[in-house]
Amino acid sequence: RSGRSAALRARMEERLLGARVRYLNQQLYTGSSRDAAQLFRADPAAFHLYHRGFEQQVRRWPERPVQRIARRPIRISPRYPCPTPASLVVADFGCGDCTLAASVKNQVHCFDLVPLHPRVTVCDMAKVPLAAESVDVAVFCLALMGTNLQEILGEANRVLKLGGTLMVAEVASRFEDIRAFLKAMTQLGFKTVSK
Ligand code: SAH
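Residues numbered from 1 in each chain as written. Predicted model: local features only at pLDDT ≥ 70, side-chain atom pairs only at ≥ 80, totals over all residues. Heavy atoms only, no water.

Undergrad: It is not clear to me how the packing of aromatic side chains should be interpreted in this structure. Could you clarify?
TA: How two aromatic rings sit relative to each other is set out by the distance from centre to centre and by the angle between their planes. Tallied over the full model, the rule gives six aromatic pairs. With a centroid separation of 4.6 Å and an interplanar angle of 20°, the aromatic rings of F93 and F140 are classed as stacked. One end of the pair, F93, is in strand β1 (residues 89-93); the other, F140, is in strand β4 (residues 135-141), with 47 residues separating them in the sequence. Accessibility expressed as a relative area gives 0% for F93, which makes it buried. Chaining the aromatic ring pairs together yields one cluster made of F40, F47, Y50 and F54. (Phe/Tyr/Trp six-rings, centres within 6.5 Å; stacked < 30°, edge-to-face > 60°. Helix = DSSP H or I, 4+ residues; strand = E, 2+ residues; numbered from the N terminus. Buried < 20%, exposed > 50% of the residue type's maximum accessible area, 1.4 Å probe, protein only.)

Written out as structure tokens, the structure reads:
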């Protein structure tokens, strides 16, 4: 009996965690990046809960998008003048636990709201402490959150070198209209290389 009730309790706790994570996720996608920064500053425990739930969810996926991205910086822009792909400098916006930085040889600047890992620079991704035109690849992996997307993507544009690459991995249902999103990206100065 006690084994069964422990299993039931664990299942209920997992569901509760899932619900709280969905709620936090909704807050992150429907408020500005500044609201997100404030939310986690005011309640750091919410951030750790969010990440525990995030891990729990992505563990069930057949593949973590960040792993696909980790394999890709080495294949970008064949005409881009760089001696070796590993020399490309990467900025990871909303890096979480720095899985990307840990998976590639490249120099990776890791940005997030709370340091889950010592490599993280804590900041709002709408304003990162990097010089203009200083990175080759900017990554948003499940992190294109916040209603001030134009500002956030403008920041990525600012730090990217001319001809650099922006990589976005996002849940399809987050987009109301992917074509409209890609059109807006063109207006921000990006050209779609692959979708
Ligand atoms: N890219 C990682 C983590 C994705 S979870 C991966 O794929 O594994 C989304 C991350 O974006 C979270 O760690 C969250 O804290 C971060 N994030 C959300 N809003 C942010 C903001 N305004 N500034 C910086 N990071 C933010």
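There is more to say after this.
Undergrad: Which parts of the structure should I look at to understand the pairing of β1?
TA: Each regular strand carries side chains that alternate between the two faces of the sheet. Burial runs high along β1: five of the five residues are buried. Residues V89, A91 and F93 line one face of β1 and the alternating positions V90 and D92 line the opposite face, and both faces are buried. Bridge count for β1 against strand β2 (residues 107-112) is five bridges, and the pairing is parallel. The partner of F93 across the bridge, within β2, is F111. Pairing geometry for β1 and β4, over four bridges, is parallel. Directly across from A91, in β4, lies its bridge partner A138. (Pairing = 2+ DSSP bridges.)

Undergrad: I would appreciate a short explanation of the site of the ligand in the present structure.
TA: Surveying the vicinity of the ligand reveals 18 residues, the closest of which are H51, R64, G94, D112 and M125. Between an oxygen atom of the ligand and a side-chain N or O atom of R64, the distance comes to 2.8 Å. C141 has a polar backbone atom sitting 2.9 Å from a nitrogen atom of the ligand. Against a free-state accessible area of 570 Å², the protein chains account for coverage of 99% of the ligand. Placement of the ligand is best described as lying within the largest cavity. Residue contributions to the shell around the ligand peak at three residues, all from helix α3 (residues 44-58). Residue classes in the shell around the ligand are distributed as eleven nonpolar, four polar and three charged. Inspection of the shell around the ligand shows a minimum of three residues originating in each of domain 1 (1-59) and domain 2 (65-188). (Near = heavy atom within 4 Å. Polar contact = N/O pair within 3.5 Å; in protein donor to acceptor, adjacent residues only side chain to side chain. Areas by Shrake-Rupley, 256 points an atom, 1.4 Å probe, with all protein chains shown as cover. 1 Å grid on protein atoms, 1.4 Å probe; cavity = no way out; pocket = protein on both sides within 12 Å on 5 of 7 lines; lining within 4 Å. Sits in = over half its atoms within 2 Å of the grid points. Nonpolar A, V, L, I, M, F, W, Y, C, P; charged D, E, K, R; others polar. Domains from an automatic or database assignment.)

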